[in-house]
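# Structure at a glance
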Amino acid sequence: MQISFTLNGRPTTVEVEPATLVAELLREQLSLTGTHIGCDTSQCGACVVHLDGLPVKSCTLLVPALDGATLLTIEGLQGAPGSNRMHPMQEAFREHHGLQCGFCTPGMLMTAVALATEKPDLTEADVRHGLEGNICRCTGYQNIVVSVMAGAAAMNAAKGE
Amino acid sequence: MGNVIGIGASPKRKEDQRFLTGRGNYVSDIKRPGMTAGVFVRSPHGHAVLRGIDRSAALAAPGVIAVLTGADAAADKLGSLPCGWGISDAKGVPMKEPPFPMLAQGKVRFVGDMVAFVIAETPEQANAAAELLKIDYEVLPSVVGVLEAFRPGAPQLFDDVPNNICCDWELGDKAAVESAFRKAAHVAKLSLVNNRLIGNPMEPRAAIAEYEPGTDRFTLWTTSQFPHVVRFLMGALVLNIPQHKLRVVAPDVGGGFGVKQFHYGEEAVITWAAKRVMRPIKWVASRSEGYVSDRHGRDHVTEAELALDETGKFLAFRVNTLANMGGYLSTFGPNIPTNLYGPLLGGVYTTPAIYCNVKVVFTNTVPVDAYRGAGRPEATFVLERIVDVAASEMGIDRVEIRRRNMIPKEAYPYQTPVLVQYDSGDPMGCLDGALVAADVKNFGVRKSASASKGKFRGLGYSTYVEACGLAPSRFAGRLGARGGLYESATVRVHPTGQVTVMIGTHNHGQGHETTFAQIVSEKLGVAFENVDIVFGDTDRVQFGMGTYGSRSLVVGGAALSKATDKVVAKGKKIAAHLLEAAEVDIQFKSGKFSVAGTDRAKTFEEIAGAAYVPHDYPLEVLEPGLEEQAYYDPVNFTYPGGCHIAEVEVDPETGTVTLVNYTAVDDVGTVINPMIVEGQLHGGIVQGVGQALFENAVYDESSGQLLSGSLMDYCMPRADHMPMMKVATHSTLCTHTPMGVKGCGEVGTIGSPAAVINAVVDALSHLGVTHVDMPATPNRIWRLLQNASLPVAAE
């Protein structure tokens, strides 16, 4: 089937089998391999993307759901439209060592941006609860939590400018 | 030009840019022209005779290119998967080492054992065809637990391994221990289980293999922690491919924790198959496939006894352990519960006599091998638990009994009765630091506050030491290592003064690209940004043993340090010529070669340029170029250690244990990058907390089915399981590594399980609870509480 959607700001049309998962479409057909697949039970969260602004696990979403929608993946996350700068959340993860092997990182970032967008005054408990659907085996989460809070603060500051 | 960023600084990581922007290069991201898809067909039975495989229907299915089985591997005379360590019993009789075929032959021995490999145009077609294989199994009874495996009448995995015992291993002076027990004023006893774990790196294992007929060369991309070792084991011992015709690449790897430091059958099968079908093949494990094929960790049943005199001094320690090996011997398998366990039973104490017996047993489970900490968390858990049991039984404070038995700082180097000699350490200093950092003196106030909410609060200590930095080769050879364990580094200085390092360790989250660049920046005075680290490709890196056992900085960093010394030494010769001075008068400091006592100097860049454009150069005595290589094999292990203090709150209504505070003060030697070290400690601690509170690999006794075979059933630590941890270092320097480093990758996982369980037992001690097995799940604690006499109100 043919599906048209906005992918990282660009109108995109693909010819794809309807039984394809969004994560597969991104990785195999569109070569956007930043979205990772870490499990087969929707537990790990390495595949989180934003569908119409909301975080979803792309490993459990079939491609027809994309038709007419707006999709943002890790490759499209940036400081400002068209800029080469990283998003404040990405900067915060680098600054606070919120990643080690990098495999869960794209999903963590997409979840974190969604959390901070939904609730600008995030508490530590909010962040820990909000990351329930994202597993990291390397960091022990501590620096991720610190990064998300710092990234959220930076997003707020940028909004105020 | 950028800045020198050296030892002790925390620059942001070089590797982060690609990971933060989704541009990492993991095996599953790679595509090759004409690539096919491979799927492994695995045994659904724990134990069965493999009577035959009818592949006709599968071969006829759409898109199928080939279906390979153990019979094909046997016809091609392929080798067995090798075990890298050979251990022996007390009489010197070698362990039983049955063959480990890459595809099952005759029998399957665990759920997940590989039976066939299906190659098709797409993964969907390969999976569909795999369903069409007709496999004739004669199902046999399974045995999954170590206690059951060597009982008379237990199912036998191998005809020539009586009672499923691979090796009856021992260490220490049995007679001296027995004599000490006879004189003891008190003997503390403890039976415990060290729960079976599944490593679960977030990136599932994957491989791509390709054969180039024009050059007769194979390339294997694999999620490995040690590509050179895979090339050696697979090329030389399994597939009979000459080393120069085999390239193994481990690009970005999404976590390892030991799980990816073995040579797996999948790697051999896919490489062999790539030549048979003359097309590249890709295999990516699903998470559930990983659960039944990634090597598992731990799985001990132990009886321990500690003999003490009337003052609480340890006289002797006796440990009897049954260790589960699973269905076959994996790469390091038999080494883990023996050589990496027994020698650590001395801990940080002056116990004069220790005896340890380990029966290494085969069962119908996934092969068991190294998982972060590997043997040392098990040793620490036994020792630190029984110290608490002894303290409680003798009415001695838990900190006080540790102090009475600790090796004082001045007593290092300290020879233990179990082979190892600790070169340096200060366990008392770590303990003192942790007591303050954890605010232990106000624990009583916090306990009362918990009690007023109806919760039981407990505090647990773990003062521990570990051995890491594998090598040393000579010592390891005596223990049964079949290969050397050194490391290598090449420092290539480019004509313009930038540096590329080729190193044999593998970076899969540890931040080597940053830490190693800091070492070069400091030693050569070049800008941090002008140093790149290359790893993970046998065509680009000379040789290496890879990353495991907290060895990268200790052994690889030392090789790198030595190689930079050689660069400086050669640079001095070139500088002496250019500056018309004697070589002994040349000094190298802050990136400049100068003549002592003068202002005559050449920069590092000028020397590099002169080495590659040798118009004015001592060609008669010196070769052009500026590239140096060093191999390093240390004289001893390193011995990081420290003190961990856990504080928990138990809800008697639900049995839920909440970790409320966690403090660690660790001695990891010289710290190169404090930010990265802290991150390693955090991650290690949470993996240990996972073992203590959440994680457990459970098999069904009769069928051999893995019951905890997904992230839905096997509980991984999540962000909301943890409080903010306090971690700090209290360093003594390693006396034999060039930079004084000790390694930090595993300390967290080694120290933490005992601290957490000691805290849980402390919280419940007023109810008469003396031990809690791991994981301390709400179910287990709630049942314990139902059996205890609950007071009306918490004290």
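Residues numbered from 1 in each chain as written. Chains lettered and ligands numbered in written order. Predicted model: local features only at pLDDT ≥ 70, side-chain atom pairs only at ≥ 80, totals over all residues. Heavy atoms only, no water.

This next bit is on the overall build of chain B. Helix and strand counts for chain B stand at 20 helices and 30 strands. A compact globule built from 795 residues should have a C-alpha radius of gyration of about 28 Å, and chain B, at 28 Å, falls within 12% of that. Considering only C-alpha atoms, chain B reaches an extent of 90 × 75 × 55 Å along its principal axes. By the burial criterion, 65% of the 795 residues in chain B qualify as buried. A total of about 26,500 Å² of accessible surface is found on chain B, and carbon and sulfur atoms cover 52% of it. Counting 73 positive and 84 negative side-chain charges, chain B places the centres of these two groups 1 Å from one another. (Helix = DSSP H or I, 4+ residues; strand = E, 2+ residues; numbered from the N terminus. Rg over C-alpha atoms; globule rule 2.2 N^0.38 Å. Buried < 20%, exposed > 50% of the residue type's maximum accessible area, 1.4 Å probe, protein only. Areas by Shrake-Rupley, 256 points an atom, 1.4 Å probe, with all protein chains shown as cover. Lys, Arg positive; Asp, Glu negative; His and termini not counted. Charge placed at Lys NZ, Arg CZ, Asp CG, Glu CD.)

All names here are of chain B. As assigned here, chain B comprises domain 1 (30-140 + 202-255 + 260-291), domain 2 (380-469 + 637-786) and domain 3 (486-632). Measuring from the centre of the C-alpha atoms in domain 2 to the corresponding centre in domain 3 gives 40 Å. Contact residues are listed per partner, giving 18 residues for domain 2 and 17 residues for domain 3. A buried area of about 1,200 Å², summed over both sides, lies between domain 2 and domain 3, and 66% of it is on carbon and sulfur atoms. Three residues stand out in domain 2 for area buried against domain 3, namely G469, I672 and M739, and they jointly supply 37% of the buried area on that side. For the pair domain 2 and domain 3, the number of links is zero salt bridges. Looking at side-chain class alone, the side of domain 2 that touches domain 3 contains seven nonpolar, eight polar and three charged residues. (Domains from an automatic or database assignment. Contact = heavy atoms within 4.5 Å. Buried area = accessible area lost by both parts, 1.4 Å probe. Salt bridge = Lys/Arg side-chain N within 4 Å of Asp/Glu carboxyl O. Nonpolar A, V, L, I, M, F, W, Y, C, P; charged D, E, K, R; others polar.)

All names here are of chain B. By the definition in use, this model includes 23 aromatic pairs over all chains. Ring geometry for Y422 and Y639: centres 5.1 Å apart, planes at 65°, overall edge-to-face. Of this pair, Y422 sits in strand β19 (residues 421-422) while Y639 sits in the loop between β27 (627-632) and β28 (641-651); the two residues are 217 residues apart in sequence, bridging distant segments of the chain. The exposure classification of Y422 matches that of Y639, with both residues buried. Geometrically, the ring pair formed by F475 and F637 is edge-to-face, given 5.4 Å between the ring centres and 80° between the ring planes. With F475 in helix α14 (residues 473-479) and F637 in the loop between β27 and β28, this pair connects stretches of sequence that are 162 residues apart. Residue classification places F637 among the buried residues on the basis of a relative accessible area of 6%. In this structure an aromatic cluster arises from ring pairing among F100, F110, F158, Y328 and F362. (Phe/Tyr/Trp six-rings, centres within 6.5 Å; stacked < 30°, edge-to-face > 60°.)

Right, let's get into the sheet that holds strand β22 (residues 499-503) of chain B. Residue and element names in this part refer to chain B. Taken in spatial order, the four strands make up an open sheet running β23-β22-β21-β27, and their pairing is mixed. The sheet is open, and its two borders are formed by β23 (531-534) and β27, each paired with just one other strand. Adjacent strand axes in the sheet meet at a mean angle of 15°, parallel and antiparallel pairs treated alike. Relative to β23, β22 is paired through four bridges, and the arrangement is parallel. Counted as the bridge partner of V499 is V531 from β23. (Pairing = 2+ DSSP bridges. Axes fitted to C-alpha atoms, helices over the stretch in contact; angles between N-to-C directions.)

Opposite the 51 residues of chain B that make contact, chain A presents 46 residues. In this assembly, chain B packs against chain A so that about 4,200 Å² is buried in total across both faces, 54% of it on carbon and sulfur atoms. Ranking the residues of chain B by area buried against chain A places L20(B), M202(B) and R718(B) at the top, with a combined share of 18%. For the interface between chain B and chain A, the tally reads three salt bridges. Residues K12(B) and E95(A) are paired through a salt bridge, measuring 3.9 Å at the closest nitrogen-oxygen approach.

What follows is about empty space enclosed by the protein. Where empty space is left can be seen by rolling a probe of water-molecule size over the atoms. Residue and element names in this part refer to chain B. Tallied over the entire structure, the rule returns 11 cavities of 30 Å³ or more. In this structure, the largest cavity occupies an estimated 590 Å³ of space. Residue lining of the largest cavity: 45 residues in total, with Q510, T547, S550, Q680 and G745 positioned closest to the centre. Across the lining of the largest cavity, the residue classes break down as 19 nonpolar, 21 polar and five charged. (1 Å grid on protein atoms, 1.4 Å probe; cavity = no way out; pocket = protein on both sides within 12 Å on 5 of 7 lines; lining within 4 Å. Points joined across faces, edges and corners; volume = space filled by probe spheres on them.)

Okay, the nonpolar core next. Residues F93(A), M102(B) and F317(B) are the most contacted members of the largest nonpolar core, which totals 225 residues. Broken down by element, the residue count for this core peaks at 11 residues, all from helix α19 (residues 747-764) of chain B. Once you skip the residues sitting within four places of it in the chain, F93(A) turns out to touch G98(A), L99(A), M108(A), L109(A), A112(A), I144(A), S147(A), V148(A) and L20(B). Counting residues in hydrophobic clusters, the runner-up holds 47 residues, among them V554(B), I574(B), A611(B) and I672(B). (Core = buried A, V, L, I, M, F, W, Y, C linked by side-chain atoms within 4.5 Å.)

Of the residues in chain B, 99% have a pLDDT of 70 or more, and the chain-wide mean is 96. For this predicted complex, the interface score ipTM comes out at 0.98, alongside a pTM of 0.97. (pLDDT = per-residue confidence, 0-100.)

Attention shifts here to the side chain of T564(B). All names here are of chain B. Relative to the helices and strands, T564 is located in helix α16 (residues 552-578). A polar contact is formed between the side chain of T564 and the backbone oxygen of S561, at a distance of 2.7 Å. Discounting chain neighbours no more than four positions away, the residues touching T564 are V491, V520, K523 and L524. (Polar contact = N/O pair within 3.5 Å; in protein donor to acceptor, adjacent residues only side chain to side chain.)

What follows covers the layout of surface pockets. Its boundaries defined by the atoms lining it, the largest pocket holds a volume of some 1,500 Å³. Considering the residues around the largest pocket, the lining is formed by 48 residues, among which E24(A), P123(B), E124(B), N127(B) and V284(B) are closest to the centre. Where the lining of the largest pocket is concerned, the elements lending two or more residues are α1 (22-29) of chain A together with β1 (36-42), α4 (123-130), β13 (281-284) and α9 (287-291) of chain B. If one sorts the elements of the lining of the largest pocket by residue count, β1(B) sits on top with seven residues. Counted by class, the lining of the largest pocket contains 22 nonpolar, 12 polar and 14 charged residues. One number sums up the size of the second largest pocket: a volume of about 420 Å³. At the level of elements, α5 (146-149) and β8 (186-194) of chain B are the ones that each hand at least two residues to the lining of the second largest pocket. The leading source of residues in the lining of the second largest pocket is α5(B), at three residues. Per-class residue counts for the lining of the second largest pocket are nine nonpolar, five polar and six charged.

Further remarks concern the sheet that holds strand β6 (residues 134-139) of chain B. Residue and element names in this part refer to chain B. Strand order in the open sheet formed by three strands is β4-β2-β6, and the pairing between neighbours is antiparallel. Lying at the two open borders of the sheet, with one neighbouring strand each, are β4 (107-108) and β6. Here strand β2 (residues 48-54) pairs with β4 via two bridges, running antiparallel. Across the sheet, A48 pairs through a bridge with V108, a residue of β4.

Oppositely charged side chains may form a pair once their charged atoms are brought near each other. Residues and elements named next belong to chain B. Per the stated rule, a full pass over the model turns up 46 salt bridges over all chains. Note that D539 and R247 form a salt bridge whose closest N and O atoms lie 3.7 Å from each other. One end of the pair, D539, is in the loop between β23 and α16; the other, R247, is in strand β12 (residues 246-249), and 292 residues separate them in sequence. Assessed through its relative accessible area of 24%, R247 is described here as partly exposed. Each member of the salt-bridge network shares a partner with another, and the members are D439, R446, K453, R457, E647 and E649.

Right, let's get into helix α18 (residues 674-693) of chain B. Residues and elements named next belong to chain B. Here α18 is 20 residues long and its end C-alpha atoms lie 28 Å apart, about the 28 Å a rise of 1.5 Å per residue gives. A large share of α18 lies buried, amounting to 18 of its 20 residues. Its side-chain oxygen 3.0 Å from the backbone nitrogen of M675, N673 forms the N-cap of α18. (Expected span 1.5 Å × (residues − 1).)

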